[in-house]
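Architecture and fold: a report
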Amino acid sequence: MKALIIDGYVDEPACLGVPPYFSPYPRYIAGALRERGLFETDIHYLTIDRLRENPPGAGELIGKADLVIVIAGTTVPGKYLRATPISPGEIETIFRTAHGLKVIGGPIRLGFSGEGGKAAKGLGSRISLEGAVLAEMDLEAFVFDLFEDFGGSKGKQPGSKLKAPESVEHRFRTGTEIGRWAPLGAFLIRQHPDYPYCMCELETYRGCGRNIHCSFCTEPFYGASDYRPVEDVVFEVSALYSHGARYFRIGRQPDLLSYQGTDTGGPVPKPDPSVIERLYRGIRNAAPELSVLHLDNANPITISTYPEEATQIIKTILKYHTPGDVAAFGMESADPKVIRANSLKASPEEVFEAIKLVNSLGASRGANGLPELLPGLNFVHGLMGETKNTFQLNYDFLQQVLDSGLLLRRINIRQVMAFPGTPMYGKDEAAGKHKKLFLKYKDQVRKNIDLPMLRRVVPEGTVLKEVMCEVHEKGITFGRQLGSYPLLVGIPTSLPLRKFTDLTVTGHGMRSITGIPHPLPINSASPALLRELPGLGKKASDSVAAGLPYADEEDFVRRVKEGEKFLKYIEF
Ligand code: SF4
């Protein structure tokens, strides 16, 4: 029995699985297969990008696997540096080639759309499944139930004991099941093409803890918050760590602060700081040499409603995490009419308070060059009740944050993708109507808010540690630190890929920065790199280049005007 898991990538409001991120989906499925008796060597994993490279044996594997499982679905699609989610055509090709049982699932079960601003359609209307079965609820549970249960089959090969898929009930997995499958499937990280440099997305819970839900959101389809026990998350980290994982993000939940919170009848659960302390301490004990521990979503209304508990939790995060962390706030809109019409979470005043609180505790610069913990903001356009004035109100809010001297790590602006079953479905006409306005507004935010904000977050001369070089394009190497919402850095030279390098920040774009290796080996640096030295300029860089080589610091300072100020960026 051979199973092949093809990762077409997921991007959901509360789960990312686009490389370097490694989502829980394939890990849970691998764990379910292990529990059904498959050996690790019979469980194969390919990302869609790896498959596109047509590695030796991949075609044969697809053709011969007894079970081919495709994970797919980007319900909040973004732009990705070196990864492209699976396309409908590719799904069809894979299923045409596969001869075993074919299953597809993940967020794609909710529908498919190519871009924001366009409604998602049911799978059947966009993709021919070529005889594959769509797991209508949890893919991992469906895969597990496909096997005949012959009584605790651990360690035994179930042979051909696959059931007819029609006889398998579609269901959600239980917390107990993933408590077992997550550690069992941890071995799969060794098959990830980015291994060991992949970020393991960790789940603490899914489902929304609010009693009313935002009109556009797909998270409520998972039901009420289904909290995992702290011990289970820690045990999973321990298993991943034993297989070489060093990069973690607690990202699979809509609001980390509400994890195991108490329902007091208020708008959101009351946070329990002791739970977050146990979680973070447990992870640190289980993975003492981890390189990154970040988080993703936090609900601003939780912070503004429970500032004391939130303060304690943020202090805990700062004690155990690694710097460069981001708490992404789903603000969605600053327009009170849109907030009301779509049952959004928080008012602009409440979001502002939450931004202030996170800044007051987390804005100091950490060892990797980035502030310790900053808020990020997510906006959604095209929601019900949106008018031209909505754009002005959102812009004014961002301007207020900028003018207050506060820091935001990122501002994510997207157009709504309406999914069947959400209140938004069929009511997203504003997205099309305001498309032009949306693009113009987005451009203004990038130029007038993002750019000055980025200069504030990483001023020229900041040294960023351990930037992973990922892509070459037109003589530029693009890289990012491994972390939550990493900054894109362009380096005007060709550096070896899949290697870390320290960089000095030398320039700012609207959403990316320019950097040069730190320290810069002055005697061998190219003119393009020399020109980037902070404060040097083109003319002076020509004269520095003309004076090459320099024997040492003394020689450099003697021969270069104001040479002392460059010494911190260079080496000889
Ligand atoms: S608060 Fe809104 S956006 Fe967040 S999970 Fe709940 S419904 Fe979704």
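For the structure, check the block above.
Residues numbered from 1 in each chain as written. Predicted model: local features only at pLDDT ≥ 70, side-chain atom pairs only at ≥ 80, totals over all residues. Heavy atoms only, no water.

1. Quick notes on the pairing of strand E5 (residues 67-74)
Burial runs high along E5: eight of the eight residues are buried. A two-sided burial pattern is seen for E5, the buried positions comprising Leu67, Ile69, Ile71 and Gly73 on one face and Val68, Val70, Ala72 and Thr74 on the other. By the bridge criterion, seven bridges tie strand E1 (residues 3-12) to E5 in an arrangement that is parallel. Of the residues in E5, the one forming a bridge with Asp7 is Ile71. Two elements, E5 and strand E6 (residues 101-105), share five bridges in a ladder whose sense is parallel. Bridge pairing in E6 places Ile69 opposite Val103. Taken together, E5, helix H4 (residues 88-97) and E6 form a β-α-β motif whose crossover is right-handed. (Buried < 20%, exposed > 50% of the residue type's maximum accessible area, 1.4 Å probe, protein only. Helix = DSSP H or I, 4+ residues; strand = E, 2+ residues; numbered from the N terminus. Pairing = 2+ DSSP bridges. Right-handed = clockwise from strand over helix to strand, strands pointing away.)

2. Quick notes on the site of the ligand
Looking at the ligand, the residues that line it are Cys208, Arg210, His213, Cys214, Cys217, Glu219, Pro220, Pro254 and Lys345. Here the residues of the shell around the ligand sort into five nonpolar, one polar and three charged. (Near = heavy atom within 4 Å. Nonpolar A, V, L, I, M, F, W, Y, C, P; charged D, E, K, R; others polar.)

3. As for the pattern of salt bridges
Overall, the coordinates contain 34 salt bridges when judged by the stated rule. Between Arg180 and Glu35 there is a salt bridge; the shortest N-O distance is 2.7 Å. Here Arg180, found in helix H7 (residues 175-184), pairs with Glu35, found in helix H1 (residues 24-35); they are 145 residues apart in sequence, far enough to count as distant. For Arg180, a relative accessible area of 33% corresponds to the partly exposed category. Looking at Glu35, the relative accessible area reads 12%, which means it is buried. One salt bridge connects Asp49 with Arg52, and the closest N-O pair in it is separated by 2.6 Å. Here Asp49 and its partner Arg52 are both found in helix H2 (residues 48-52), three residues apart, which amounts to about one turn of the helix. Residue class for Asp49 comes out buried when judged on its relative accessible area of 17%. Here the salt bridges do not stand alone but share partners, grouping Asp138, Glu140, Arg173, Glu203, Arg206 and Asp226 into one network. (Salt bridge = Lys/Arg side-chain N within 4 Å of Asp/Glu carboxyl O.)

4. Some details on the packing of helix H14 (residues 388-403) against helix H16 (residues 435-457)
Two elements in contact, H14 and H16, have axes whose closest approach is 11 Å; the angle formed by their N-to-C orientations is 5°. Taken together, the axis directions place H14 and H16 in an arrangement best described as roughly parallel. Facing H14, whose interface residues are Lys388, Phe391, Asn394, Tyr395, Leu398, Gln399, Val401 and Leu402, H16 presents Leu437, Phe438, Tyr441, Gln444, Val445, Asn448, Ile449, Pro452, Met453 and Arg456. Looking at the contact of H14 with H16, its residues break down into 12 nonpolar, four polar and two charged. (Axes fitted to C-alpha atoms, helices over the stretch in contact; angles between N-to-C directions. Parallel < 35°, antiparallel > 145°, perpendicular 65-115°, else oblique. Contact = heavy atoms within 4.5 Å.)

5. Comments concerning the environment of Val505
Among the structural elements, Val505 can be located in strand E20 (residues 500-508). For Val505 and Leu357, which are 148 residues apart along the polypeptide, the C-alpha to C-alpha distance reads 27 Å. Sequence-distant contacts of Val505, defined by excluding residues within four places in its chain, comprise Val458, Pro459, Glu460, Gly461, Thr462, Leu464, Ile513, Thr514, Gly515 and Pro534.

6. Here's the deal with the environment of Ala3
As for its position among the elements, Ala3 is in strand E1. Between the alpha carbons of Ala3 and Lys561 there is a distance of 65 Å; along the sequence they are 558 residues apart. The contacts of Ala3, once residues within four sequence positions are left out, are Leu33, Leu38, Asp42, Ile43, His44 and Leu67.

7. Topic: helix H11 (residues 307-320)
Its 14 residues place the ends of H11 20 Å apart at the C-alpha level, agreeing with the 20 Å of an ideal helix rising 1.5 Å per residue. In this fold, the buried residues of H11 make contact with helix H9 (273-286), strand E12 (292-295), helix H10 (300-305), strand E14 (325-332), helix H13 (348-362) and strand E15 (373-381). (Expected span 1.5 Å × (residues − 1).)

8. Some points on the packing of H13 against H14
In contact at an axis separation of 12 Å, H13 and H14 are set at 30° when each is read in the N-to-C sense. One finds that H13 runs roughly parallel with respect to H14. Seen along the crossing, H13 lies across H14 with a hand that is right-handed. Contact residues: H13 offers Pro348, Val351, Phe352 and Ile355, while H14 offers Phe397, Gln400 and Val401. By residue class, the composition of the contact of H13 with H14 is six nonpolar, one polar and no charged. (Left-handed = near helix turned anticlockwise from the far one by under 90°.)

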